[in-house]
Amino acid sequence: MSQPTRRNTLRGLVASAAVVVGFHPGAQAWATEDTRKGGLAGDFEDLPPLDGTLLTDEESRAAAAEDYGHIVHRTPRAVLRPGSVDDVVAMVRFCGKHGIPVAPRGQGHATMGQAQVKHGLVIETTPLADIGPVDADSDTVTVGAGVRWSTLTKATLEHGLTPPVFTDYLELSVGGTASVGGIGGQTHQHGAQVDTVTELRVVTGAGELVRCSTRRHPELFDAVRAGLGQCAIIVGATVRLVRAPETVRHYLLPYADLDTFLTDQRRLVEERRFAYVEGQVAPDDSGAFRTYLLEAVAYGPPVGPEPDDEALLRGLRFERGGEEIANLGYYAFLDRLAASVAEQKESGVWYDAHPWLNLLLPGEHVTRLAEDFLTSLTPDLVGPGVVLLYPLQRDQLRTPLLRTPDDPAPYLLAVLRSTPPEDEATVKRMLEHNRTAYEDVRDAGGKQYPVGSVPFDKRDWRDHFGRAWPRLVAARHRYDPHGILVPGQGIF
Ligand SMILES: Cc1cc2nc3c(=O)[nH]c(=O)nc-3n(C[C@H](O)[C@H](O)[C@H](O)COP(=O)(O)OP(=O)(O)OC[C@H]3O[C@@H](n4cnc5c(N)ncnc54)[C@H](O)[C@@H]3O)c2cc1C
């Protein structure tokens, strides 16, 4: 979620320099501390043997109490660095027995404590990093949940193949985006990343290792995809692949008014004219958010013909003369944020607080909703961040728990806010602005895309899931009977 060449405010995750504590001393420390505090777990005599390590040192636990948001901090009792999927099974069973809450953590890029768990167990998925061979019959690849999309893509490109959909930033885990959705500029063509997952290997909250797909345990498959970790931990995923282009043609098209910008974007996604469509809104010299930039990408051979500028831009009403057009290598295009992220890490901006707002607006009301929202927005409420606004196609979004407005062309509005974490007053104002914006959009039939920082209570979640709520509740009772999984989402 972020853009290539312009002011870019992707910022970051505090690097965790965890000290590895051996399993037995660690287990003891956990038990001792637990017992002293009146105990979540009581007696840990029955801690299972592990292939990996259980970390209970302060540094590891403090790292697991951080995320990209730097707003919420919940310290776990321990962090599991699994040496195998069996470790995940064993520790989930153990935690279920003792009523200890558990949260898997991929790259920790959630912004409001979603992968944190107070006094519980955080399970790192990073060690689950296998990448299987590409299956040439089905054009799929099976990977561990902790694999990052960047690593996966580099591996599949060796076969001329690529995952079809990308988030703007590639260093997110496959399990982490399959748990939320994974939306990007290709979503109007192929759905969210989770729509391109054909099978999952999961460890349920009951500690069962299960393979699920639309044919095998479909109700579990539906409960886990975009299921925010409420029913099972994803330990592996099979991802569909498509042919990769070698180069792409990249277009940045400026617009002078909101309605023309939105109408042209919508036209492009309905016609499927480009492989990728996004867009950005930035402030003008007066600080008003009213400059608009449409970003579109056409894939070249062997996926499509050599891109023809005249044909691709025909009928569009951007400000002629202001367009920027460039040829890029395919991976360079996908990884376009890498240089900016490196700069932000260098300057320290990456480690700011990120009270991000991510909403899905109903296309029918998008002009009014976007206009009202952008009028209420001031540069200090964004910081050095960016505002993204682009349409999706609902018929491509097929994952039941990825809730979208009941509209054929919902628009993603993402406000990637950023401010120093010690500026608590600004963080608070940004969070309040998120809540107000959410309510306005919800009242018009919109949804939150739940990767950001919108203060949400249990009633909001029920409303968010709507018709899918009873099925989620039933799946939760069935697959996580102890109710231990991912309390940081605040759903149950
Ligand atoms: C810089 C940046 C750019 C982004 N760009 C985009 C974008 O373009 N499009 C988009 O859609 N999103 C984007 N996001 C949001 C991102 O997709 C989500 O925050 C995603 O969940 C992060 O993946 P992660 O591996 O860091 O997960 P984490 O933050 O570690 O976890 C997120 C949630 O998923 C749960 N979880 C993690 N792994 C698993 C698992 N294996 N099984 C079950 N549950 C699990 C966690 O418990 C937690 O509740 C961006 C985020 C950042 C920080």
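Thresholds applied
- Along each chain, numbering runs from 1 in the same order as the chain's sequence is written.
- Where totals are concerned, whole chains, interfaces and linings use all residues; where local detail is concerned, this predicted model gives features only for residues with pLDDT of at least 70, and gives and counts side-chain atom pairs only at 80 or more.
- Side-chain descriptors were evaluated using all non-hydrogen atoms of the structure, hydrogens and water having been removed beforehand.
- For Phe, Tyr and Trp, rings pair up if their centres lie within 6.5 Å, where Trp contributes its six-membered ring, and each pair is then called stacked (planes under 30 degrees apart), edge-to-face (over 60) or tilted (otherwise).
- Note on conventions: DSSP H or I runs of at least 4 residues are helices, E runs of at least 2 residues are strands, and numbering of each starts at the N terminus.
- Burial here depends on accessible area, computed with a 1.4 Å probe over protein chains only, as a share of the maximum for the residue type. Under 20% is buried, over 50% is exposed, and the range in between is partly exposed.
- Domain start and stop points were drawn from an automatic or database domain assignment.
- Any two residues whose heavy atoms approach within 4.5 Å at even a single point are treated as in contact.
- Accessible area that two parts lose when put together, with a 1.4 Å probe and added across both, is what the buried area reports.
- The term salt bridge refers to a pairing of a side-chain nitrogen on Lys or Arg with a carboxyl oxygen on Asp or Glu at a separation within 4 Å.
- Two N or O atoms form a polar contact when they lie within 3.5 Å of each other; inside protein one atom must be a possible hydrogen donor and the other a possible acceptor, and for residues adjacent in sequence the pair counts only when both atoms belong to side chains.
- Gly counts as polar in this scheme, as do all residues outside two lists: the nonpolar Ala, Val, Leu, Ile, Met, Phe, Trp, Tyr, Cys and Pro, and the charged Asp, Glu, Lys and Arg.
- Remark: nonpolar core denotes a set of buried residues (Ala, Val, Leu, Ile, Met, Phe, Trp, Tyr, Cys) joined through side-chain atoms within 4.5 Å.
- The criterion for strand pairing is that DSSP finds at least two bridges linking the strands in question.
- Angles shown run from 0 to 180 degrees and are taken between the N-to-C directions of axes, each axis being a line fitted to C-alpha atoms and, for helices, limited to the stretch in contact.
- Each direction from the helix axis to a C-beta atom contributes to the arc, which is the arc of those directions.

For the rest of this paragraph, the subject is the packing of aromatic side chains. According to the stated counting rule, one finds 14 aromatic pairs in the structure shown. Aromatic side chains Trp469 and Phe492 sit 5.5 Å apart centroid to centroid with 20 degrees between the ring planes, which places their arrangement in the stacked category. Highlighted residues: Trp469 in helix 15 (residues 469–479) and Phe492 in the segment after helix 15, separated in sequence by 23 residues. Residue Trp469 is classed as buried on the basis of its relative accessible area of 12%. Classification of Phe492 as partly exposed rests on a relative accessible area of 33%. Connected via pairs of aromatic rings, a cluster forms that spans Tyr438, Phe456, Trp461, Phe465, Trp469 and Phe492.

Assigned domains of the chain: these are domain 1 (140–244) and domain 2 (247–455). Summarising the inter-unit geometry, the C-alpha centres of domain 1 and domain 2 are found 23 Å apart. With 34 residues of domain 1 at the interface, the matching set in domain 2 holds 35 residues. Buried surface at the junction of domain 1 and domain 2, summed over both partners, amounts to about 2,900 Å²; 59% is from carbon and sulfur atoms. When the area that domain 1 buries against domain 2 is broken down by residue, the three leading residues are Asp168, Ile183 and His188, summing to 26%. The tally of links from domain 1 across to domain 2 stands at one salt bridge. Between Arg336 and Asp168 there is a salt bridge whose closest N-O contact spans 3.1 Å. On the surface where domain 1 and domain 2 come into contact, there are 11 residue pairs in polar contact (both at pLDDT 80 or more). Looking at the side of domain 1 that touches domain 2, the elements with two or more residues in it are helix 4 (149–157), helix 6 (187–190) and helix 7 (218–224). Within the side of domain 1 that touches domain 2, the residues separate by chemical class into 13 nonpolar, 14 polar and seven charged.

Ranked by size, the top nonpolar core spans 102 residues in total, and within it Leu374 and Leu389 carry the most contacts. Counting only domains with at least three residues in this core, you end up with domain 1 (140–244) and domain 2 (247–455). Setting aside anything within four residues of it in sequence, one finds Leu374 in contact with Leu258, Val281, Phe289, Tyr292 and Val387. In terms of nonpolar packing, the next biggest core, distinct from the first, is built from 23 residues, Ala78, Phe94, Val203 and Ile484 among them.

For the rest of this paragraph, the subject is unusual backbone geometry. Here the residue pair Pro301 and Pro302 is connected by a cis peptide bond, since its omega of 5 degrees sits within 30 degrees of zero. Looking at the element boundaries, Pro302 is found in the loop between strand 13 (289–299) and helix 9 (309–313). Even without a glycine there, the phi angle at Asp139 is positive, about 50 degrees. Tracing the backbone through its elements, the reader meets Asp139 in the loop between strand 4 (121–124) and strand 5 (140–144). The exposure class of Asp139 is partly exposed, given its relative accessible area of 30%. Of note, the phi angle at His217 is positive, near 45 degrees, even though the residue is not glycine.

Looking now at the pattern of salt bridges. Per the counting criterion, the structure on display carries 23 salt bridges. In this structure, the salt-bridge partner of Arg267 is Glu271, at a minimum N-O distance of 3.1 Å. Of this pair, Arg267 and Glu271 both sit in helix 8 (residues 258–271), four residues apart, roughly one helical turn. With a shortest N-O distance of 3.2 Å, Glu432 and Lys428 are connected by a salt bridge. Note that Glu432 and Lys428 are positioned in helix 13 (residues 424–443) at a spacing of four residues, about one turn of the helix. Salt bridges sharing common partners tie together Arg267, Glu271 and Arg273.

It is worth spelling out the sheet that holds strand 1 (residues 53–55) at this point. Strand order in the open sheet formed by four strands is 1-2-4-3, and the pairing between neighbours is mixed. Both edges of this open sheet fall to strand 1 and strand 3 (102–105), since each of them pairs with a single strand only. Each strand axis lies, on average, 25 degrees off the axis of its neighbour in the sheet, ignoring direction. As paired strands, strand 2 (residues 78–81) and strand 4 are joined by three bridges and run parallel to one another. By the bridge assignment, Leu80 is partnered in strand 4 with Ile123. Sheet strands in contact with helix 3 (residues 85–98) are strand 1, strand 2, strand 3 and strand 4, and its direction is about 170 degrees off that of strand 4.

We now examine helix 4. Of the residues making up helix 4, those classed as buried are Trp149, Ser150, Leu152, Thr153 and Thr156. All buried residues of helix 4 project into a common sector of 160 degrees when viewed along the axis, lining one side. Its buried side turned inward, helix 4 meets strand 5, strand 6 (161–162), helix 5 (174–178), strand 9 (232–240) and helix 10 (330–334).

With antiparallel pairing, four strands are arranged side by side in an open sheet as 5-9-7-8. Looking along the sheet, the strands with just one partner apiece sit at the ends: strand 5 and strand 8 (209–213). Going from strand to strand, the sheet's axes swing by 20 degrees on average, the running direction of each strand aside.

Among all positions of helix 15, only Trp469, Leu472, Val473, Ala475, Arg476 and Tyr479 are buried. Taken down its axis, helix 15 places every buried residue within 165 degrees of arc, on the same side. Away from the buried face of helix 15 by more than 90 degrees, exposed residues Pro470, Arg471, His477 and Arg478 are located. Those residues of helix 15 that are buried are in contact with strand 7 (197–204), helix 7 and helix 14 (458–465).

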